[in-house]
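# Remarks on the overall topology
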Amino acid sequence: MDCIYCVREKKNISMSMDTVKAACDLAFAKGSSAGLCFFGGEPLLERSKIEWALNYCEEMSRKTKIPFSSKITTNGTLLDEEFIMRAKNAGMVIGVSFDGISQKISRKYNNGRDSFADLENISKILLREMPNSYAMLTLAPEAVSQYAESVEYLYSLGFKRMTATIAYGKRAVWTDKNLEILKQELHKIAVFYEECFSKCIHFFFSPFDSKIRECITGYNPSERCHLGFRQMPIFTDGKIYACTQFIGDENFCLGDVWNGIDTSKQISLAKRSSTPKECLECDLRNRCTNSCGCLNRLETGNENKISPLQCSYERMLIEISDELAERLFEIDEKRFINRFGKM
């Protein structure tokens, strides 16, 4: 794939079976449950290893009585009905990177052909067998005017759950005009969300759902980023890192699958995760993802420095989400509270 916003360096590397087994063993080493999330690159390039890991962990779960769960994020181009059925039997959660109609602009094969038709076809099979699967939409500035249309298309296809984010990084160049259009598109999506709510139709759209729920419940998203605790990606060489954006940076390496986690370094890194200085006086600091070290590094090169783009987007999203929440509350107070939590 040659996605227009991807900043990952493409390398022909893969995880050895010894490392796969050690990662599975580590998942069961402590705690009351075990789980794996397969990601890449494109994880289905190593489909046989994923299937082996599923078989191995399911057997481990039977022997130890420890519950096991699994997820996979895939671009969908190598997904087929056989794997979907295996995933269904395993109770695996599948997230498909699908940008809706903007896929034609943003996610193309290396030969320049767009991947829209392939994703549409396999998504129909996926949703038939696993209707709770979700779409992961990344919005490139070149496709910003298609945002609302892409969301409604994905919904009509059968995706009732969507995560969505704007594209960040050096290949995503957002202009003031792009941001003006983005705000207009978010307002259109808010109208569509409101229509679904008023008709008692389920629709989960992460940008709105998260902002509304966090405000209602008092959850502070600026505390979300706990480096090295919330997620610990394992690289192909078996090293464990604090977050995906820090893979390859030894300062953020927490150990490896054979020797486990260096808990002292884990705690030390978690303490470094805090609100950037420039955000301390902002009234919205406790409703913003300003402390996401992964995103901050991607945009500014510094895990403790937020970018102007992220700040603009967060302010925009909070404003529109709050306006939407007020309208939803007026439509049905009881359903609103049941969905988003008690005030």
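The structure displayed is predicted, hence computed values, not measured ones.

### As for the pairing of strand β4 (residues 93–97)
By the criterion of burial, β4 is predominantly enclosed, with four of the five residues buried. Note that strand β3 (residues 68–74) and β4 share four bridges and pair parallel. Bridge assignment links lysine 71 to a residue of β4, and that residue is valine 93. Handedness of the β3-helix α3 (residues 81–90)-β4 crossover: right-handed. Where β4 and strand β6 (residues 134–139) come together, three bridges link them in parallel fashion. Bridging from a neighbouring strand, glycine 95 pairs with tyrosine 134 of β6.

### Some words on the sheet that holds strand β10 (residues 253–256)
Strands sit in the order β9-β10-β11 across an open sheet of three strands; the sheet is antiparallel. Edge strands, defined here as strands with exactly one partner in the open sheet, are β9 (239–241) and β11 (260–261). For β9 and β10, the ladder comprises three bridges, and the chain directions are antiparallel. For tyrosine 241, the partnering residue across the bridge sits in β10 and is cysteine 253.

### A few points about the sheet that holds strand β7 (residues 161–166)
Strand pairing in a sheet relies on backbone hydrogen bonds. The paired strands run either parallel or antiparallel. Taking strand neighbours across the sheet as the criterion, the six strands line up as β2-β3-β4-β6-β7-β8 in an open arrangement whose pairing is parallel. For this open sheet the edge positions go to β2 (34–38) and β8 (204–205), each flanked by a neighbour on one side alone. Across the sheet, helix α6 (residues 147–157) is in contact with β6, β7 and β8; its angle to β6 comes to roughly 170°.

### Focus on the pattern of salt bridges
Following the criterion strictly, the structure yields 20 salt bridges and no others. Its salt-bridge partner being glutamate 129, residue arginine 128 comes within 3.0 Å of it at the nearest N-O pair. Residue classification places glutamate 129 among the buried residues on the basis of a relative accessible area of 18%. Look at the salt bridges and you will find they share partners, linking Arg47, Glu51, Asp80 and Glu82 into a network.

### Some remarks on the pairing of β2
Two faces belong to every sheet, and in a regular strand the side chains alternate between them. Residue alternation in β2 divides its side chains into a buried set, Ala34, Leu36 and Phe38, and an unburied set, Gly35 and Cys37. Here five bridges tie β2 to β3, and the two strands are oriented parallel to one another. Bridge assignment links leucine 36 to a residue of β3, and that residue is serine 70. A crossover connection joins β2 to the parallel β3 through helix α2 (residues 47–64); in handedness this β-α-β unit is right-handed.

### Some details on the packing of helix α8 (residues 206–217) against helix α12 (residues 333–340)
Their axes nearest at 9 Å, the elements α8 and α12 cross at an angle of 95°. Between α8 and α12, the angle falls in the class roughly perpendicular. Between α8 and α12, the residues in contact are Asp209, Ile212, Arg213, Ile216 and Thr217 and Phe336, Arg339 and Phe340, respectively. The residue makeup of the contact of α8 with α12, split by class, is four nonpolar, one polar and three charged.

### A closer look at the state of the cysteines
What the rule picks out here adds up to zero disulfides. The structure places no disulfide on cysteine 282, whose sulfur is separated from the nearest cysteine sulfur, that of cysteine 311, by 6.2 Å.

### Considerations on the packing of aromatic side chains
Enumeration according to the criterion identifies 16 aromatic pairs in this entry. Measuring from ring centre to ring centre gives 5.4 Å for phenylalanine 116 and tyrosine 153, while their planes differ by 40°; the resulting arrangement is tilted. Highlighted residues: phenylalanine 116 in helix α5 (residues 116–129) and tyrosine 153 in helix α6, separated in sequence by 37 residues. Note on accessibility: phenylalanine 116 and tyrosine 153 belong to one class, buried.

### A short note on the nonpolar core
The biggest cluster of nonpolar side chains holds 82 residues, and the ones touching the most others in it are Tyr147, Leu182, Phe205 and Phe208. The element best represented in this core is helix α7 (residues 176–198), accounting for ten residues. Those residues in contact with tyrosine 147 that sit more than four places away from it in its chain are Leu137, Leu139, Ala164, Leu182, Glu185, Leu186, Ile189, Phe205 and Pro207. The next biggest cluster of nonpolar side chains, apart from the first, holds seven residues, and it includes Ala242, Cys243, Phe252 and Leu254.

### Here's the deal with α6
Burial analysis of α6 places eight of its eleven residues in the buried class, which makes it a mostly covered element. Within α6, the full set of buried residues consists of Tyr147, Ala148, Ser150, Val151, Tyr153, Leu154, Tyr155 and Leu157. Lining the buried residues of α6 we find α5, β6, β7, α7, β8 and α8. Directly after α6, the chain includes glycine 158, whose backbone phi takes a positive value near 130°.

### So, the packing of helix α1 (residues 17–27) against α2
Following both chains from N to C, one finds α1 and α2 inclined at 35°, their axes separated by 10 Å at the closest point. For α1 against α2, the interelement crossing comes out right-handed. In this structure, α1 uses Met17, Val20, Lys21, Cys24 and Asp25 to contact α2, whose residues at the interface are Lys49, Trp52, Ala53, Tyr56, Cys57 and Met60. Counted by class, the contact of α1 with α2 contains eight nonpolar, no polar and three charged residues.

Definitions and cut-offs
- Residues numbered from 1 in each chain as written.
- Predicted model: local features only at pLDDT ≥ 70, side-chain atom pairs only at ≥ 80, totals over all residues.
- Heavy atoms only, no water.
- Buried < 20%, exposed > 50% of the residue type's maximum accessible area, 1.4 Å probe, protein only.
- Helix = DSSP H or I, 4+ residues; strand = E, 2+ residues; numbered from the N terminus.
- Pairing = 2+ DSSP bridges.
- Right-handed = clockwise from strand over helix to strand, strands pointing away.
- Contact = heavy atoms within 4.5 Å.
- Axes fitted to C-alpha atoms, helices over the stretch in contact; angles between N-to-C directions.
- Salt bridge = Lys/Arg side-chain N within 4 Å of Asp/Glu carboxyl O.
- Parallel < 35°, antiparallel > 145°, perpendicular 65-115°, else oblique.
- Nonpolar A, V, L, I, M, F, W, Y, C, P; charged D, E, K, R; others polar.
- Disulfide = S-S within 2.5 Å.
- Phe/Tyr/Trp six-rings, centres within 6.5 Å; stacked < 30°, edge-to-face > 60°.
- Core = buried A, V, L, I, M, F, W, Y, C linked by side-chain atoms within 4.5 Å.
- Left-handed = near helix turned anticlockwise from the far one by under 90°.

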